[in-house]
Amino acid sequence: MTKVLYNNNINEEVLQSKKIAIIGYGSQGHAHALNLKESGFDVVVGLRQGRSWDKAVEDGVDVKSVAEASQEADVIMILLPDEYQPSIYKEAIEPNLEAGNALVFAHGFNIHFNQIVPPADVDVFLVAPKGPGHLVRRTYEEGAGVPALYGIFQDATGQATDVALAYAKGIGAGRAGILQTTFQEETETDLFGEQAVLCGGTSALVKAGFETLVEAGYQPEVAYFECLHELKLIVDLLYEGGLENMRHSISDTAEWGDFMSGPRIVDEDTKARMKDVLSDIQTGKFAQGWILENQANRPRYSAIKTAESQHQIEKVGRELRELMPFVKQKAINKKEVVSNDTN
Ligand SMILES: NC(=O)C1=CN([C@@H]2O[C@H](COP(=O)(O)OP(=O)(O)OC[C@H]3O[C@@H](n4cnc5c(N)ncnc54)[C@H](OP(=O)(O)O)[C@@H]3O)[C@@H](O)[C@H]2O)C=CC1
Ligand SMILES: CC[C@](O)(C(C)=O)C(=O)O
Ligand SMILES: [Mg+2]
Ligand SMILES: [Mg+2]
């Protein structure tokens, strides 16, 4: 089995004498900054003036411009949206890099697809949590953590691995498990997972199920509870104990239906299309398309985002969640975060 590291395998001393700049205070940025700070490390956040800046100040974090934070830090973690990283790196980070600094990423996209080419005299590594930033923060506060991958692209100082592991421990990943990877493996598996299973595959499955029931004349509210709301409860069982645990909790009727109908929905053709998706990631076709979409100011991204927000499942869901105070509460917390910054 691959070696999985936990807190007691890691000595964080190497990071204690260093200043860490977290560039960006969005989903991952706020989680890394606050977790590292509470783990006892010296953190500064690099931002432009705006919503995130105000939120970080409100959270009691030291905030400076991207250039200033990069200049004074030894370890610079770039937690900006992937598509904006290359220009901000060129303008405000690269001119402030010193030999022996560490340049860090939570996703390998820009290094792997050559959008950022760092100088040879800095360490370059990734610490990539395998979960959304808000959960990196929430689980840390609960005394738990989200697993993370680490990978070394350049080891100019000979300390890159030790610093990467200390960083991963600082954000709470050592409570859940830390695995070694490469930039190529992290980039390709992360893109595949989010497109085929976690985000793209799941959204498409949920919408198709909802539409099938509504088009057959069933109430949209019933379809919403069946195909979206209950998914969280089922996924909790998967998270806690895998497929077996989920199947232990559901009825035998559901389990038989799972065995009989699941493979009719996701069959060999689906798997062949998954392989196409993976191939587009591996060849760089997906990355090229996303880079061009951004260069054109995101016309397709914006149009699809608007259309998706108007889908019937979203309208029905908004209404139903208003009537569930326990779900609504979480939504309000999230909305506050979103309205105060972009995370
Ligand atoms: N989202 C996630 O859970 C995960 C993300 N990752 C990776 O982490 C990295 C960060 O992603 P994510 O957290 O989603 O990013 P977000 O979209 O949440 O980041 C937004 C942050 O970037 C800041 N920002 C945007 N443009 C600029 C700019 N021009 N100058 C200064 N600050 C700017 C925003 O500030 P402002 O308020 O001023 O706009 C905000 O603080 C990416 O590499 C991503 O692939 C990895 C694992 C999971
Ligand atoms: C699943 C999406 C993700 O890869 C993540 C939260 O891990 C992302 O890029 O946001
Ligand atoms: Mg991911
Ligand atoms: Mg991702």
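Residues numbered from 1 in each chain as written. Chains lettered and ligands numbered in written order. Predicted model: local features only at pLDDT ≥ 70, side-chain atom pairs only at ≥ 80, totals over all residues. Heavy atoms only, no water.

Quick notes on the site of ligand 1
So, step 1. Ligand 1 sits among 21 residues. The nearest are Tyr25, Gln28, Arg48, Ser52 and Asp82.
So, step 2. Gly26 places a main-chain nitrogen or oxygen 3.4 Å from an oxygen atom of ligand 1.
So, step 3. Within the complex, the protein chains bury 82% of what would otherwise be the 900 Å² of accessible surface of ligand 1.
So, step 4. Breaking the shell around ligand 1 down by element, the ones donating at least two residues are helix H2 (27-38) and helix H5 (85-93).
So, step 5. Residue composition of the shell around ligand 1, grouped by class: nine nonpolar, 10 polar and two charged. (Near = heavy atom within 4 Å. Polar contact = N/O pair within 3.5 Å; in protein donor to acceptor, adjacent residues only side chain to side chain. Areas by Shrake-Rupley, 256 points an atom, 1.4 Å probe, with all protein chains shown as cover. Helix = DSSP H or I, 4+ residues; strand = E, 2+ residues; numbered from the N terminus. Nonpolar A, V, L, I, M, F, W, Y, C, P; charged D, E, K, R; others polar.)

What about the coordination of the magnesium ion (ligand 4)?
So, step 1. In the first shell of the magnesium ion (ligand 4), the protein supplies Asp190 (OD) and Glu194 (OE), at 2.0 to 2.1 Å from the metal.
So, step 2. Taking the relative accessible area as the measure of exposure, Asp190 reaches 18% and is therefore buried. (Donors = N, O, S within 2.8 Å, 3.2 Å for Na, K, Ca; no water. Buried < 20%, exposed > 50% of the residue type's maximum accessible area, 1.4 Å probe, protein only.)

A word on the UniProt feature "domain: KARI N-terminal Rossmann" (unreviewed entry) in the protein
So, step 1. UniProt annotation of "domain: KARI N-terminal Rossmann" (unreviewed entry) refers to residues 2-181 when read in the numbering used here.
So, step 2. Helix and strand shares over residues 2-181 are 36% and 21% respectively, and the end C-alpha atoms of the span are 10 Å apart. (UniProt positions renumbered as here; feature names shortened; annotations may be inferred.)

As for the nonpolar core
Within soluble globular proteins, side chains that are nonpolar generally end up buried alongside one another.
So, step 1. Ile22, Val127 and Tyr167 are the most contacted members of the largest nonpolar core, which has 38 residues in total.
So, step 2. Sort the elements by how many residues they give to this core and helix H8 (residues 160-170) lands first, with seven residues.
So, step 3. Those residues in contact with Ile22 that sit more than four places away from it in its chain are Gly29, His32, Ala33, Leu36, Val43, Val44, Val45, Gly46, Met77, Leu79 and Tyr167.
So, step 4. Ranked by size, the runner-up nonpolar core spans 22 residues in total, among them Leu80, Ile93, Ile111 and Ala128. (Core = buried A, V, L, I, M, F, W, Y, C linked by side-chain atoms within 4.5 Å. Contact = heavy atoms within 4.5 Å.)

Describing the packing of aromatic side chains
To describe a pair of aromatic rings, you give the distance between the ring centres and the angle between the ring planes.
So, step 1. Scanning the model with the defined rule gives five aromatic pairs in all.
So, step 2. Aromatic side chains Trp290 and Tyr301 sit 5.8 Å apart centroid to centroid with 40 degrees between the ring planes, which places their arrangement in the tilted category. On the criterion of sequence distance, the pair formed by Trp290 in helix H14 (residues 285-295) and Tyr301 in helix H15 (residues 299-309) is long-range, its members being 11 residues apart.
So, step 3. For Tyr301, a relative accessible area of 34% puts it in the partly exposed group.
So, step 4. A connected cluster of aromatic rings, assembled from ring pairs, spans Phe105, Phe153 and Phe183.
So, step 5. The ring of Tyr140 is capped by Arg175, whose NZ or CZ atom sits 4.5 Å from the centre of that ring. (Phe/Tyr/Trp six-rings, centres within 6.5 Å; stacked < 30°, edge-to-face > 60°. Lys NZ or Arg CZ within 6 Å of the ring centre and 35° of its normal.)

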